[in-house]
Amino acid sequence: MRYWFVCICCFLLTGHIAMAQPGVSIPKDPLAEQQYLYSKAKNRASLFVHFDKNIYTNNETVWFSGYLINELQTAAHRLMSVILVRNADSSIIKQQKFIMESGLSSGSMQLPDSLLAGDYHFIASTSRVSQGKPDVVFIQPILIKTNIEPAFKASIKILERGSAGKKPNQLLISATTSDARFLPKPVIVNYRYGKTIDKTSTNSSGEVILKVNEEENINDPNIYLKLKYGKDSSFLNLLLPISKQKARVNFYPEGGHMVNGISGRVAWEAKDQKQAVLSVKAQLFKNEKVIDTVETTSYGTGSFFLRPEKGSSYSLKLMHDGFADSTYQLPVALNQGIGISVANALATDTLYVQLSNPGNLQVLVRLHNFRETYIYNSITETAAKVSIKIPLKDVPKGLCALTVTDSLGRPLAERMCFSHFDASQKIKLTTNQKSYNTRKKVSLKIKLDSPDSLAMVSVACVQSDRLSSRLSTDIESHIYLSSQLSVLSPYTTKRGYEDPDYLQNVLLVKGWRKYNWQDLMNAKPADTLKSYDDTRIYLRAKAKPRTKIPVWNLSFSLMKPKEIILRTLDSAGAYEFKPFDLLIEKEKPIYLFTGQDNVKKFEYKLSDPYPKLHKSYSKIFNPEFREVPSEVQNNQVISLKNNEGAHRLKEVEITARNSDFRGLKGANNCGDYVCRYQILNCINHYYDPENTQPLAGRTYAVRTPSGAMGKETYQACKEPPNVPGMILMEGIYGKKEFYHNDYADPLEPAFASTIYWNNGIVLTKNEQEISFYTSDITGKFKIIVQGVALSDVLYGDYDFEVKRE
């Protein structure tokens with residue numbers, strides 16, 4: 001297994017995934033040098049993180065696996081950091097660091113019990129940072145649902161609808177105790193609507209009326225509120241009415257321009273002011289005369305053919321009376337230009353193109369990705385239309401651009417295509433049944449079904465209700481589409497990568513406007529000289545006055561739960577922590593001990609750049625939603641349904657204990673605890689209020705990584721004394737084993753929504769079998785497998801159902 005792991009790392013994660021083999025050498029290419037500079041200046045590496053699901057509760061474990069792709073210098077990425085950020089105020093809820101080796105990283109994060117329900121996102125990045133920004137970053141939006149009764153009830157509703165420029169909207173905000181009584185103190189209300197940011201507070205009845213004037217041309221007509229009472233907070237949002245709805249319609253002629261006398265395809269996209277896509281019909285006008293009726297799909301995009309004539313104007317009028325302005329002008333057509341027509345932009349092994357020109361055609365045709373040119377030829381024709389057949393043998397899989405230029409290399413027209421497109425799943429998944437009862441064994445057979453003979457993947461089996469299409473991302477869509485294009489239109493029924501009609505419109509709408517020829521032409525040698533920030537963690541010492549002991553003589557200890565490491569400062573009085581110095585078990589503490597006497601003689605400074613970087617990341621990187629967030633009119637709507645998880649026990653205050661049976665409430669300083677079923681560090685009850693501290697010398701049940709139950713005699717937690725020179729540090733984590741529970745104990749509840757997780761699984765052409773057990777949750781479950789192969793990225797999924805006996 002280790003041998004195959006090394007092979008995967010060597011061949012997959014050193015720049016060979018989704019990258020080009022050297023193309024045809026083209027002499028006298030005027031753009032060759034610029035493409036080289038542009039390629040060196042623009043980082044091609046990508047980070048993808050497979051999360052087990054995207055809907056969590058406030059007491060769950062998040063499992064994930066990171067893949068660094070298209071990176072030659074994987075050794076420079078020593079760590080992967082993961083931070084959890086709340087969308088409402090960009091607050092960092094939790095931040096942790098994980099070991100990354102050869103471009104692979106995996107881990108888990110325990111969500112806090114006090115986490116408020118709402119929209120959040122994970123930001124994952126690596127230790128390679130330039131000018132305060134990471135070389136690679138991955139953002140995963142998630143939704144947190146709650147199984148905890150909110151500390152106070154809060155709601156917002158419209159009392160009186162306003163009118164733009166005449167009267168404001170009047171909103172009633174109310175807050176009471178959980179049992180509908182008045183709160184003894186006012187609730188602080190912070191709110192944001194468009195450019196307006198203000199705050200107020202509730203009266204003695206727990207109410208306040210907000211008067212909000214409608215803003216014109218507002219991008220997001222939601223009002224967002226943060227209600228704070230003591231140490232507790234709730235977030236609400238409400239979509240305010242708009243007096244004059246305005247649709248946003250954009251046009252994208254194939255090739256970049258409409259040309260008089262040339263029939264071409266025009267793509268169009270329609271959205272409302274909330275950025276939600278519109279599925280509408282419209283009439284196409286020529287000089288105020290209807291010539292066609294067109295429509296958008298459920299994705300808000302569509303296309304039509306048009307042959308513009310000189311001196312004529314063209315417009316589109318929506319057949320929808322809900323919008324104030326419903327007529328939109330098409331771009332003005334050029335008198336001279338080149339037309340490009342590609343019937344199928346999702347090409348497999350050959351791309352078929354038709355060029356149109358009313359006169360002599362003397363142009364250069366280039367197929368490229370702005371970093372490397374694969375086809376470069378001149379065309380001289382007198383025919384009005386020229387058909388071109390482009391073999392894609394030497395073109396790598398993924399997005400590419402077909403650019404028609406003049407003799408000086410200036411672009412005249414451009415069309416985006418996808419070479420070697422294949423939406424079929426490359427991982428074959430089958431189970432021994434399509435339907436199971438609760439707490440039954442599932443046998444999953446998995447096999448690599450692609451031209452590659454070797455792959456490494458991560459596997460998750462989760463409750464389908466915990467997967468939202470609005471928040472979903474997958475490795476194929478990310479690497480080949482979203483990492484190179486702007487935010488994509490929403491898709492609901494299946495993955496967008498599997499829908500050819502959806503992708504055809506995406507390539508038309510996103511098209512050539514994504515790329516900036518000016519950036520390419522302005523690339524300079526200086527742009528390739530990239531400097532990187534020092535993201536290493538240091539301990540530095542400086543002698544206090546009248547101290548004659550040299551700093552390079554100083555030693556210190558790293559105290560872990562199971563070992564003590566002795567280290568010495570270098571000649572400059574510093575020590576750079578290696579990632580494995582700080583490697584500890586999940587949620588366990590690590591202490592740095594400099595010595596009581598040394599504290600009196602030396603000044604110590606611990607330098608960890610990550611908290612500052614993470615704070616910056618939370619402001620810079622935000623999720624690009626494919627639709628507007630849903631309304632949260634009261635703080636009780638984001639809660640688990642009955643079949644989505646366990647009923648949470650009410651918190652129990654333990655005021656006394658029997659020292660012969662149970663320890664103090666909660667976990668000890670080593671992070672160890674015993675659940676109510678006397679299982680040591682039980683993964684199913686991580687934040688259960690009935691957890692107690694384990695007692696030294698007592699034997700407890702333990703669950704092994706294989707899922708079997710065993711026994712362990714607990715040793716005393718060696719808690720460092722509270723003395724000068726003792727510093728609690730943030731550790732770096734490695735992979736934590738997922739507990740494969742067989743749920744043999746009928747008394748222990750089993751409401752895990754993630755019933756299987758594993759990463760680092762090596763696949764070959766030989767079929768292998770994985771087994772796990774269903775929990776007490778009924779309904780549909782989905783198996784998702786993602787990873788990397790020798791020449792491609794892989795995705796596969798499979799569904800089955802769990803029923804009650």
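Colleague: What am I meant to see in the overall build of the protein chain here?
Modeller: Secondary structure assignment for the protein chain yields seven helices and 50 strands. When contacts within the protein chain are restricted to residue pairs at least 6 apart in sequence, those whose partners lie at least 24 apart make up 69%. Of the accessible surface of the protein chain, which amounts to about 37,800 Å², a share of 49% is contributed by carbon and sulfur atoms.

Colleague: Help me out: how do you make sense of helix α7 (residues 610-620) in this one?
Modeller: By the burial criterion, the buried members of α7 are Tyr610, Leu613, His614, Tyr617 and Ser618. For α7, the arc enclosing every buried residue in end-on projection is 140°, short of the 170-degree limit, so these residues lie on one face. Facing away from the buried side of α7 by over 90 degrees, the exposed positions are Lys612, Lys615 and Lys619. Check the buried side of α7 and you find it contacts β4 (79-86), β5 (92-101), β7 (118-126), β8 (129-130), β9 (133-134) and β36 (537-543).

Colleague: Is there a simple way to think about the state of the cysteines in this case?
Modeller: Cysteine pairs can be covalently joined through their sulfur atoms, and such a bond is termed a disulfide. One pass over the full model with this rule turns up zero disulfides. In this structure cysteine 400 is not part of a disulfide, and its nearest cysteine sulfur, from cysteine 417, lies 5.3 Å away.

Colleague: I keep staring at the sheet that holds strand β19 (residues 264-271) and nothing clicks. Help me out?
Modeller: The strands making up a sheet are joined through hydrogen bonds of the backbone, oriented either antiparallel or parallel. The antiparallel open sheet is built from three strands, whose spatial order is β18-β19-β22. Every interior strand has two partners, whereas the edge strands, β18 (248-253) and β22 (301-306), have only one. The average angle at which neighbouring strand axes cross in this sheet is 25°, direction not considered. Where β18 meets β19, six bridges bridge the pair, whose relative direction is antiparallel. Each residue of the ladder has a partner; that of tyrosine 252, found in β19, is alanine 267.

Colleague: Sorry, what's going on with unusual backbone geometry here?
Modeller: With glycine set apart, most residues show a phi of negative sign, and most peptide bonds adopt trans. In this model, asparagine 70 sits at a positive phi of 65°, which is unusual for a non-glycine residue. Tracing the backbone shows asparagine 70 in the loop between β3 (61-69) and β4. Of note, glutamine 131 is a non-glycine position whose phi angle comes to about 55°, a positive value. If you trace the backbone, glutamine 131 turns up in the loop between β8 and β9.

Colleague: Can you walk me through the pairing of strand β37 (residues 555-559) in this structure?
Modeller: Along a regular strand, successive side chains alternate from one face of the sheet to the other. Both β37 and strand β38 (residues 564-568) contribute to a ladder of five bridges, which runs antiparallel. Note on β38: the bridge partner recorded for phenylalanine 556 is arginine 567. Here β37 folds back onto β38 in antiparallel fashion, the turn holding four residues. Summarising the sheet, β37 and strand β41 (residues 590-593) pair through three bridges and their orientation is antiparallel. If you follow serine 557 over to β41, its bridge partner there is phenylalanine 593.

Colleague: Would you explain the sheet that holds strand β25 (residues 339-341) in this entry?
Modeller: Strand order in the open sheet formed by three strands is β25-β26-β29, and the pairing between neighbours is antiparallel. Edge positions in the open sheet fall to β25 and β29 (385-391), since each of these has one partner strand only. Averaged over all pairs of adjacent strands, the angle between strand axes in this sheet comes to 25°, irrespective of strand direction.

Colleague: Can you walk me through the environment of asparagine 634 in this structure?
Modeller: With respect to the helices and strands, the residue asparagine 634 is situated in the loop between α7 and β43 (699-703). Residues asparagine 634 and lysine 157, spaced 477 residues apart in sequence, show a C-alpha to C-alpha distance of 9.0 Å. Those residues in contact with asparagine 634 that lie beyond four places of it in its chain are Ala154, Ser155 and Leu236.

Colleague: Mind showing me how you'd approach the pairing of strand β21 (residues 289-295) here?
Modeller: Two elements, strand β20 (residues 281-286) and β21, share six bridges in a ladder whose sense is antiparallel. Pairing of lysine 286 across the sheet is with lysine 289, part of β21. Between β20 and β21, which pair antiparallel in sequence order, lie two residues; one of them, asparagine 287, sits at a positive phi of approximately 50°.

Colleague: Is there a simple way to explain the environment of isoleucine 388 in this structure?
Modeller: If you trace the backbone, isoleucine 388 turns up in strand β29. Among the residues examined, isoleucine 388 registers a relative accessible area of 16% and is labelled buried. Each C-alpha atom, one on isoleucine 388 and one on tyrosine 352, is 5.9 Å from the other, the two residues being 36 residues apart in sequence. Ignoring sequence-local partners within four residues, the contact set of isoleucine 388 consists of Leu351, Tyr352, Val353, Leu355, Val365 and Ile379.

Colleague: Quick question: what am I supposed to make of the packing of aromatic side chains here?
Modeller: By convention here, two paired aromatic rings are described through the distance between centres and the angle between planes. Per the stated rule, a full pass over the model turns up 20 aromatic pairs. Summarising the aromatic geometry, the rings of phenylalanine 421 and tyrosine 497 are spaced 5.5 Å apart at their centres and angled 55° between planes, so their arrangement reads as tilted. Taken as a pair, phenylalanine 421 in the loop between β31 (411-419) and β32 (427-431) and tyrosine 497 in the loop between α3 (475-482) and α4 (500-510) lie far apart in primary sequence, 76 residues in all. The exposure classification of phenylalanine 421 matches that of tyrosine 497, with both residues buried. When the centroid spacing of 5.0 Å and the interplanar angle of 25° are considered together, the rings of tyrosine 756 and phenylalanine 772 count as stacked. Here the residue tyrosine 756 occupies a position in strand β47 (residues 754-763), and phenylalanine 772 occupies one in strand β48 (residues 768-773), the gap between them amounting to 16 residues. Pair check on accessibility: tyrosine 756 and phenylalanine 772 agree, each one buried. An aromatic cluster is defined as three or more aromatic residues linked by ring pairs; in this entry it consists of Phe51, Phe64, Phe98, Phe122 and Tyr733. Note that arginine 366 overlies the ring of tyrosine 376, its terminal NZ or CZ placed 4.4 Å from the centroid.

Definitions and cut-offs
Residues numbered from 1 in each chain as written. Predicted model: local features only at pLDDT ≥ 70, side-chain atom pairs only at ≥ 80, totals over all residues. Heavy atoms only, no water. Helix = DSSP H or I, 4+ residues; strand = E, 2+ residues; numbered from the N terminus. Contact = heavy atoms within 4.5 Å. Areas by Shrake-Rupley, 256 points an atom, 1.4 Å probe, with all protein chains shown as cover. Buried < 20%, exposed > 50% of the residue type's maximum accessible area, 1.4 Å probe, protein only. Arc of directions from axis to C-beta. Disulfide = S-S within 2.5 Å. Pairing = 2+ DSSP bridges. Axes fitted to C-alpha atoms, helices over the stretch in contact; angles between N-to-C directions. Phe/Tyr/Trp six-rings, centres within 6.5 Å; stacked < 30°, edge-to-face > 60°. Lys NZ or Arg CZ within 6 Å of the ring centre and 35° of its normal.

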